[in-house]
Amino acid sequence: MQEAMLAIVRGLDRFDGRAAFTTWSYRVATNACLDELRRRSRRPDLGLPDYEQADDAYVGSSAPRDPSETVSAQIDVDAGLAALPEEFRAPVVLRDIAGLDYADIADLLNLAPGTVRSRIARGRARLADALSGNQTDPDQRQSFR
């Protein structure tokens, strides 16, 4: 979050007003997040849980649960998201975690709204398969007519 905010402040002189400030700032923040993901992919994974994310997930839940279950579920979701190709991960995160609507995501990622919808659907399907332990690629499934 800090890196995204710094990137927005540093880039204020490049904001030209062609888009809404919120759209521009979401794009800058998205780019900062993608940069961080690229940096993390070059670092060795020590397999340690991210306790800040686990705490956020636990605080946001409506029913009290065992903290170890929350941490375990968060680790599974993080691993599933990390395994998604970037073309699916970014739209899924922007929709399901950031809560943006499809039009904003399309603007941020410079995609057509229909492409955003299909990437979210495919990303969610791959994430569900990964979380259920099913390792088949949903895009490679054969359809029987």
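On to the side chain of Ser-25, then. Along the polypeptide, Ser-25 turns up in helix 2 (residues 21-42). Reaching out from Ser-25, the side chain makes a polar contact with the backbone oxygen of Thr-22 at a distance of 3.0 Å.

Take the packing of aromatic side chains next. Counted according to the given criterion, the structure contains 3 aromatic pairs. Judged by centre distance (5.4 Å) and plane angle (85°), the rings of Phe-15 and Phe-21 are edge-to-face. Classification of Phe-15 as partly exposed rests on a relative accessible area of 27%. Residue class for Phe-21 comes out partly exposed when judged on its relative accessible area of 40%. Each ring, one from Phe-15 and one from Trp-24, has its centre 5.2 Å from the other, and the planes form 55°; the classification is tilted. Since its relative accessible area comes to 16%, Trp-24 is described here as buried.

This next bit is on the packing of helix 2 against helix 6 (residues 102-109). Between helix 2 and helix 6, the least distance of the axes is 9 Å, while the angle of their chain directions is 60°. Remark: the crossing between helix 2 and helix 6 carries right-handed chirality. Of the residues in helix 6, those touching helix 2 at Thr-23, Tyr-26, Arg-27 and Thr-30 are Asp-107, Leu-108 and Leu-109. Classifying every residue of the contact of helix 2 with helix 6 by side-chain character gives 3 nonpolar, 2 polar and 2 charged.

Moving on, we get to helix 6. All of the buried residues in helix 6 are Tyr-102, Ile-105, Ala-106, Leu-108 and Leu-109. Looking straight down helix 6, one finds that the buried residues subtend no more than 165° of arc, so they occupy a single side. Here the buried face of helix 6 lies against helix 2, helix 5 (86-97) and helix 7 (113-132). Of the residues one or two after helix 6, Asn-110 is the one with positive phi, at around 55°.

Do not read the predicted coordinates in detail wherever pLDDT is low. For the protein chain, per-residue confidence averages 77 on the pLDDT scale, and 74% of positions sit at 70 or higher. Between the elements of the protein chain, mean pLDDT differs from a low of 47, seen in helix 3 (residues 51-59), to a high of 90, seen in helix 7. Taken as a whole, residues 51-61 scores under 50 in pLDDT and shows 10 contacts with residues more than four places along the chain or in a different chain.

As a further point, take the pattern of salt bridges. Under the defined criterion, the tally for this structure stands at 3 salt bridges. A salt bridge links Arg-119 to Glu-87; its shortest N-O distance comes to 3.8 Å. Here the residue Arg-119 occupies a position in helix 7, and Glu-87 occupies one in helix 5, the gap between them amounting to 32 residues. We classify Arg-119 as partly exposed; its relative accessible area is 22%. When its relative accessible area of 41% is taken as the criterion, Glu-87 is described as partly exposed.

Parameters at a glance
Residues numbered from 1 in each chain as written. Predicted model: local features only at pLDDT ≥ 70, side-chain atom pairs only at ≥ 80, totals over all residues. Heavy atoms only, no water. Helix = DSSP H or I, 4+ residues; strand = E, 2+ residues; numbered from the N terminus. Polar contact = N/O pair within 3.5 Å; in protein donor to acceptor, adjacent residues only side chain to side chain. Phe/Tyr/Trp six-rings, centres within 6.5 Å; stacked < 30°, edge-to-face > 60°. Buried < 20%, exposed > 50% of the residue type's maximum accessible area, 1.4 Å probe, protein only. Axes fitted to C-alpha atoms, helices over the stretch in contact; angles between N-to-C directions. Left-handed = near helix turned anticlockwise from the far one by under 90°. Contact = heavy atoms within 4.5 Å. Nonpolar A, V, L, I, M, F, W, Y, C, P; charged D, E, K, R; others polar. Arc of directions from axis to C-beta. pLDDT = per-residue confidence, 0-100. Salt bridge = Lys/Arg side-chain N within 4 Å of Asp/Glu carboxyl O.

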